[in-house]
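Take a look at the letters that make up each chain.
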2 protein chains.
Amino acid sequence: LPIERAGRLSELAFIERLRALPGGDRDVELGIGDDCAIVRAGGRRLLLTTDALVEDVHFRWRWDGPAGIGRRAFAVNASDIAAMGGTPRFALLSLVAPKRVATSELSRLVRGFAAAARASGCALVGGNLSSGARWMISVTLVGEPCGMPLRRSGARAGDLVYVSGQLGAAALAREILLGRRRGRASETAAFLRPTARLELGAALARARAATAAIDVSDGLLQDLGHLCRASGVGAVVEAERLPYASVLRRLPRRERLELALNGGEDYELIFTVRGQRAERIPSLPRVPVTAIGRIVPGSGLRVRAASGEALPVEVRGFDHFRR
Amino acid sequence: LPIERAGRLSELAFIERLRALPGGDRDVELGIGDDCAIVRAGGRRLLLTTDALVEDVHFRWRWDGPAGIGRRAFAVNASDIAAMGGTPRFALLSLVAPKRVATSELSRLVRGFAAAARASGCALVGGNLSSGARWMISVTLVGEPCGMPLRRSGARAGDLVYVSGQLGAAALAREILLGRRRGRASETAAFLRPTARLELGAALARARAATAAIDVSDGLLQDLGHLCRASGVGAVVEAERLPYASVLRRLPRRERLELALNGGEDYELIFTVRGQRAERIPSLPRVPVTAIGRIVPGSGLRVRAASGEALPVEVRGFDHFRR
């Protein structure tokens, strides 16, 4: 079975169809198409998001222990709350498990999920279990915004583009896990143990520092592309400024660039900032942020070498529905 | 592949494990173990519930058109909101679809779901799509309570036990769909087109008429058993008072009883009422309610014939994890 990172191309077409559905609910401030929906209940804003991890599509069961898989399922969903500048409060977990699975494994998965949630101030309040051929871990999170929610749609020409942390290590880790590259077991942690940038997202929302934000799940270029389309702008990325993960140093420049730009699963935040607001960017210990480019008028993404020359990179989002 | 109605036995064990997780979040008023969780966000109560329909476990794709399958996925989940006396407000839909599926089928399923939701005042605000061998339709609903939420745990000895609508037609319909019984196509609607008793649940909560409630998904006896265990009581059901679906008339008494008591998928409401509050039970057009028995001290369920003699019925919950 082919296993690839979470794909979004046909899912994008699907999301477009969902967006075209009749709306008209005045309590839906932002519907389908961003990292979370923004709704109002009892006069207060809530963030709602759902995502699923499917065995042999998004992960393999033997890659990690059940508790680690549960922790990762929480983190990748919490990343969507982080990208909106919120804090996760309540989680629901819908599981499909193969019949061969021991109850103890199921328990460890759920306990890993619940412990990761609890560490972020989020309570697991609902769940269901069905049998099926393969694992499917579907998570819904209810979050509360910290200040004004960050959307994908607020970037304007002239804004600086920032990314948190480092890029490419998760994609390299996935290739090691798939046996396509050699590497140390410790190098797989970047894929298996992602961290949602909840502290950074909340701080950006509180400081009103960012004009737009998104998390890096599909790859820097694809996710920056989503942000640009939602904002009606383009972007130029400076290849030399990208915060390459140190583990990529041993690779040829071309591969390093490819993993950092199109690798995905980093769960870092991309955000845009008006020039004069750069000083508002929160300075958090252990969460470096790097200016990697600039928003420009028009549309499309360009990646530029230090020489100023445009690099011929392709935006590659994996599509697991492609035939 | 064996296909059976939504099973809950091992799921029950799973839910028990979830309940045993550390809690301590003061915004979680009621965690795992009822039809919905009750949480507080911004000082207001919300109801949260999640459930999944898995192809060839809970339904077969060819049994209905995609729009009908979408409508049913909403109704089955809305029934959990109805059982708590709430109204569904926001829905999230996590889909796993086989690669062979045409985009038009996917669209029809989502539109059927969204239309059913909208008709109940609920907006579809989030979704995701993955590929997999079989369909999996995982739904999360966020509801608002109408008055005090109805729980499973408030029944006391002496309360009358009521059920809405009629029983057994959905289970008969499933057997027709499975080819195990002969019947008319029109008789399959009871399975394919369930109605969540949202109006009744909300009216019961507003009138403070019921001491406890649950919906009939697994079967009258099993679900009444959940209510009794949560309340620390037992119950006696009068077989002659059960509101058998008229389509069961042609069956032998024994089979009729079995389908009404253990058939499941009716999505009616079971609720308990203190004797002196029976007059508060809301009278809704086209939603009959029937007193079928009484809560008694102790534990366990008994089913009694008109003669007073106890009928030897077994509480059968289907368990799709059973080997």
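Presented here is an overview of the structure given in this document. (Residues numbered from 1 in each chain as written. Chains lettered and ligands numbered in written order. Predicted model: local features only at pLDDT ≥ 70, side-chain atom pairs only at ≥ 80, totals over all residues. Heavy atoms only, no water.)

Once that is clear, we can look at the sheet that holds strand 9 (residues 234-238) of chain B. Residues and elements named next belong to chain B. Spatial strand order, 8-10-7-11-9-12-13: seven strands in an open sheet with mixed pairing. With one partner strand each, in any of the chains shown, strand 8 (212-215) and strand 13 (310-311) form the two edges of the open sheet. Taken together, the five bridges between strand 7 (residues 160-164) and strand 11 (residues 289-296) define a ladder with antiparallel strand orientation. Looking at strand 11, one finds that valine 163 is bridged to threonine 290. Along the sheet, helix 7 (residues 220-231) contacts strand 7, strand 8, strand 9, strand 10 (269-273), strand 11 and strand 12 (301-304); its crossing angle with strand 8, the most-contacted strand, is approximately 145°. (Pairing = 2+ DSSP bridges. Helix = DSSP H or I, 4+ residues; strand = E, 2+ residues; numbered from the N terminus. Contact = heavy atoms within 4.5 Å. Axes fitted to C-alpha atoms, helices over the stretch in contact; angles between N-to-C directions.)

This paragraph deals with the sheet that holds strand 6 (residues 136-145) of chain B. Residue and element names in this part refer to chain B. A sheet is described by the order of its strands in space; here six strands give the open sequence 1-2-3-6-4-5, paired in mixed fashion. Each having just a single partner strand, strand 1 (28-30) and strand 5 (123-131) make up the two edges of the open sheet. For this sheet, the mean inter-axis angle between neighbouring strands, taken without regard to orientation, is 25°. Along the sheet, helix 3 (residues 103-119) contacts strand 4 (86-97), strand 5 and strand 6; its crossing angle with strand 4, the most-contacted strand, is approximately 170°.

Turning our eyes to something else, we now look at the environment of aspartate 25 of chain A. Mapped onto the fold, aspartate 25 of chain A is located in the loop between helix 1 (9-19) and strand 1 (28-30). Among the polar contacts listed, one links the side chain of aspartate 25 of chain A to the backbone nitrogen of aspartate 27 of chain A, at a separation of 2.9 Å. (Polar contact = N/O pair within 3.5 Å; in protein donor to acceptor, adjacent residues only side chain to side chain.)

Further remarks concern the relation of the copies chain A and chain B. Each copy of the sequence occupies a distinct position, and chain A is placed on chain B by a rotation of 180° and an axial shift of 0.0 Å, giving an RMSD of 0.0 Å. In symmetry terms, the pair is related by a two-fold rotation axis. (Least-squares fit on C-alpha atoms with pLDDT ≥ 70 in both.)

Applying the stated rule across the entire model yields eight aromatic pairs over all chains. An angle of 15° between the planes, with centres 4.4 Å apart, marks the rings of tryptophan 61 of chain A and tryptophan 135 of chain A as stacked. With tryptophan 61 of chain A in the loop between strand 3 (44-54) and helix 2 (66-83) and tryptophan 135 of chain A in the loop between strand 5 (123-131) and strand 6 (136-145), the pair connects residues that are 74 residues apart, well separated along the chain. With a centroid separation of 5.7 Å and an interplanar angle of 85°, the aromatic rings of phenylalanine 74 of chain B and phenylalanine 113 of chain B are classed as edge-to-face. A residue pair is termed long-range when its members are at least 10 positions apart, and phenylalanine 74 of chain B in helix 2 (residues 66-83) and phenylalanine 113 of chain B in helix 3 qualify at 39 residues. For the pair phenylalanine 74 of chain B and phenylalanine 113 of chain B, a shared accessibility class is recorded, and that class is buried. Just above the ring of tyrosine 244 of chain A sits the side chain of arginine 256 of chain A; from NZ or CZ to the centre is 5.3 Å. Across the ring face of phenylalanine 191 of chain B, the terminal group of arginine 72 of chain B is positioned such that the distance to the ring centre comes to 4.0 Å. (Phe/Tyr/Trp six-rings, centres within 6.5 Å; stacked < 30°, edge-to-face > 60°. Buried < 20%, exposed > 50% of the residue type's maximum accessible area, 1.4 Å probe, protein only. Lys NZ or Arg CZ within 6 Å of the ring centre and 35° of its normal.)

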